[in-house]
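Survey of secondary and tertiary structure
Letter by letter, the chains look like this.
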Amino acid sequence: MIVPDPAAEVRVDFADGSAIEHFFLGDIRNTDGSAWECCPRDFLRRAVRQLEEVASLRLIAAFEQEFLYSGIADRPGDAYALAAFRRQGTFGETFIAALRAAGVVPDTFLAEYGPRQFEVTVMPQPALTAADHAVITREMARATADRLGHRVIFSPKPDPELVGNGVHIHMSLVDAAGQPATHMPGEPMELRQPAQHFFAGVLHHMPAICAITAPSPVSYLRLVPNAWAPTVIDLVRQDRGASLRICPVFAASSPAETARQFHVEFRVTDAAASPYLALGAVIFAGVDGLPPRHAVTGPGAATQSLPRSLPEALDRLAADETAAGWFGPTHLDAYLRFKRVEAEKVAELSPAELCARYAEVY
């Protein structure tokens, strides 16, 4: 049964005469009240606990999500442009107001590179709340578009000829006192040693966790060269094509402010993924690097290519014995079976047909 979480209640009145958006996020439990072994929120919650137990660290995260809005026509020259804001009408302001009413603090809403493409970011939160806010953000975007007679499309690749929609997870580590624990000048990549080992764990397990963070056949049409998407397993400073990107720090007036802003962006994610499973897999992978088990590659070094297809990623997940332990046998078996059937069902579709099919769903 799904048990509503009172801390994750959403109630938004759009004040336009339409029905109030009122829902809860919740946990899937057995009838005796225990956590169901395949509950996505509990998967993330267990990862958070393990990070605290192993290293006395917590992860702060924010999801950056890209989507297409059908209420604006494609027009050349609108990439990042003010004109795209003008032509989207009241969608943006209504969407941002809905986020605030839902208890999510918006950071940015902007026109992206692709035709009809926009991007939204919200303020960082502890891991479970960050994933909740990612779900709420998608639902508020859908609710807003629906009330305007349009829709939003979060599919990783709505059209084979266009750039895709990514979901980038921005994250940093804090210690038990809540102080930043990611940045250290003079260390490799300016990462504090625990952060080095954490992200080395993420890099080590990247082939396996792709099956969780890029979990659809169409995901791999996005992860191609020259599309502003990752193609190799790497950790690079300020490179928008990296799998793990160390982001720039803005307006840092002191070492303390630099440490607060300094963070890493995981870019091998899209909206076909459950935010709970995606962030949980990243955290579990990072914990496997603590204490030190895997080496951090040098700046810009690529260890290997990302999986080229969902079946390849699923095979890598199935072969990763450590990752199997994160899920447990029932959850892992169910996930692999479900995703392999999904890949089989659409295997004969052309890229254009595949993109159209997933644009309908997402």
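Look up a bit, the structure's there.
Residues numbered from 1 in each chain as written. Predicted model: local features only at pLDDT ≥ 70, side-chain atom pairs only at ≥ 80, totals over all residues. Heavy atoms only, no water.

The next point concerns the overall build of the chain. Each helix and strand in the chain was counted, giving 13 helices and 12 strands. Relative to its length of 362 residues, the chain is compact, with a C-alpha radius of gyration of 20 Å against a globular reference of 21 Å. With respect to the three principal axes, the spread of C-alpha positions in the chain is 55 × 50 × 45 Å. When the accessible area of the chain is evaluated, it comes to approximately 15600 Å², of which 53% is carbon and sulfur surface. Positive and negative side-chain charges in the chain, numbering 32 and 43 respectively, have mean positions lying 2 Å apart. (Helix = DSSP H or I, 4+ residues; strand = E, 2+ residues; numbered from the N terminus. Rg over C-alpha atoms; globule rule 2.2 N^0.38 Å. Areas by Shrake-Rupley, 256 points an atom, 1.4 Å probe, with all protein chains shown as cover. Lys, Arg positive; Asp, Glu negative; His and termini not counted. Charge placed at Lys NZ, Arg CZ, Asp CG, Glu CD.)

This paragraph deals with a nonpolar patch on the surface. A cluster of nonpolar residues, Tyr80, Tyr113 and Trp228, forms a patch on the protein surface that exposes about 370 Å² of accessible area. The residue tyrosine 113 is located in the loop between strand 4 (106-111) and strand 5 (117-122) in this model. For tyrosine 113, a relative accessible area of 42% gives the class partly exposed. (Patch = residues over 30% accessible without salt bridge, like charges linked within 9 Å, V, L, I, M, F, W, Y side chains within 5 Å. Salt bridge = Lys/Arg side-chain N within 4 Å of Asp/Glu carboxyl O. Buried < 20%, exposed > 50% of the residue type's maximum accessible area, 1.4 Å probe, protein only.)

Further remarks concern the layout of surface pockets. Vacant regions in the atomic arrangement are exposed by a probe of water-molecule size rolled over the atoms. Considering only enclosed or pocket space, the largest pocket measures out at about 1300 Å³ in volume. For the largest pocket, the lining is made up of 46 residues, of which Glu64, Asp107, His170, Cys247 and His263 are closest to its centre. Contributions of two or more residues to the lining of the largest pocket are made by strand 3 (57-69), strand 4, strand 5, strand 8 (167-175) and helix 8 (255-261). For the lining of the largest pocket, the per-class residue count stands at 22 nonpolar, 12 polar and 12 charged. Roughly 480 Å³ of volume is contained in the second largest pocket. Around the second largest pocket sit 25 residues that line it, and Cys38, Pro40, Ser274, Tyr276 and Leu277 are the ones nearest its centre. Per-element tally for the lining of the second largest pocket: the top contributor is helix 12 (residues 329-345), with five residues. Residues belonging to the lining of the second largest pocket are distributed by class as follows: 18 nonpolar, three polar and four charged. (1 Å grid on protein atoms, 1.4 Å probe; cavity = no way out; pocket = protein on both sides within 12 Å on 5 of 7 lines; lining within 4 Å. Points joined across faces, edges and corners; volume = space filled by probe spheres on them. Nonpolar A, V, L, I, M, F, W, Y, C, P; charged D, E, K, R; others polar.)

For the coordinates displayed, the defined rule picks out 17 aromatic pairs. Here phenylalanine 327 and tyrosine 335 contribute two aromatic rings whose centre-to-centre distance is 6.4 Å and whose plane-to-plane angle is 35°, an arrangement assigned as tilted. According to the relative accessible area criterion, phenylalanine 327 is buried, its value standing at 5%. Exposure remark for tyrosine 335: the relative accessible area of 11% places this residue in the buried category. Here the aromatic cluster, defined as three or more aromatic residues joined through ring pairs, consists of Phe67, Tyr69, Phe85, Phe91, Phe95, Phe109, Phe118 and Phe154. (Phe/Tyr/Trp six-rings, centres within 6.5 Å; stacked < 30°, edge-to-face > 60°.)

Applying the stated criterion to the full structure yields one cavity of 30 Å³ or more. If you add up the space inside the largest cavity, you get close to 40 Å³.

What follows concerns the pairing of strand 4. As paired strands, strand 4 and strand 5 are joined by five bridges and run antiparallel to one another. Of the residues in strand 5, the one forming a bridge with threonine 108 is threonine 121. Count of turn residues in the strand 4/strand 5 antiparallel hairpin: five residues, of which arginine 116 carries a positive phi of about 65°. (Pairing = 2+ DSSP bridges.)

When two helices pack together, their arrangement is given by the angle between the helix axes and by the axis-to-axis distance. In contact at an axis separation of 9 Å, helix 1 (residues 40-55) and helix 4 (residues 127-147) are set at 150° when each is read in the N-to-C sense. Classified by the angle their axes make, helix 1 and helix 4 are roughly antiparallel. The chirality of how helix 1 crosses helix 4 is right-handed. Across the interface between the two elements, Arg41, Leu44, Arg45 and Val48 of helix 1 pack against Ala127, Leu128, Ala131 and Asp132 of helix 4. Of the residues that constitute the contact of helix 1 with helix 4, the class distribution is five nonpolar, no polar and three charged. (Axes fitted to C-alpha atoms, helices over the stretch in contact; angles between N-to-C directions. Parallel < 35°, antiparallel > 145°, perpendicular 65-115°, else oblique. Left-handed = near helix turned anticlockwise from the far one by under 90°. Contact = heavy atoms within 4.5 Å.)

Attention shifts here to the pattern of salt bridges. Side chains carrying opposite charge are able to pair once their charged atoms draw close together. Scanning the entire structure with this criterion turns up 16 salt bridges. Here arginine 41 ties to aspartate 27 by a salt bridge, and the two come within 3.2 Å at their closest N and O atoms. Within this pair, whereas arginine 41 is found in helix 1, its partner aspartate 27 is found in strand 2 (residues 21-28), the two being separated by 14 residues in sequence. Arginine 337 is paired through a salt bridge with aspartate 333; the nearest N and O atoms lie 2.8 Å apart. Taken together, the positions of arginine 337 and aspartate 333, both in helix 12 and four residues apart, correspond to about one turn of that helix. Aspartate 333 sits in the partly exposed class, given a relative accessible area of 38%. Several salt bridges converge on common partners, so that one network encompasses Asp5, Asp27, Arg41, Asp42, Arg45, Arg46 and Asp132.

Taking 1.5 Å per residue, 17 residues should reach 24 Å; helix 12 reaches 24 Å between its end C-alpha atoms and fits that length. Check the buried side of helix 12 and you find it contacts helix 1, helix 6 (206-213), helix 9 (275-287), helix 10 (310-319), helix 11 (321-327) and helix 13 (351-361). (Expected span 1.5 Å × (residues − 1).)

In this section: the side chain of aspartate 132. Along the polypeptide, aspartate 132 turns up in helix 4. The class of aspartate 132 is buried, set by a relative accessible area of 7%. For aspartate 132, the contacting residues outside a window of four places in its chain are Ala8, Leu25, Arg41 and Tyr276.

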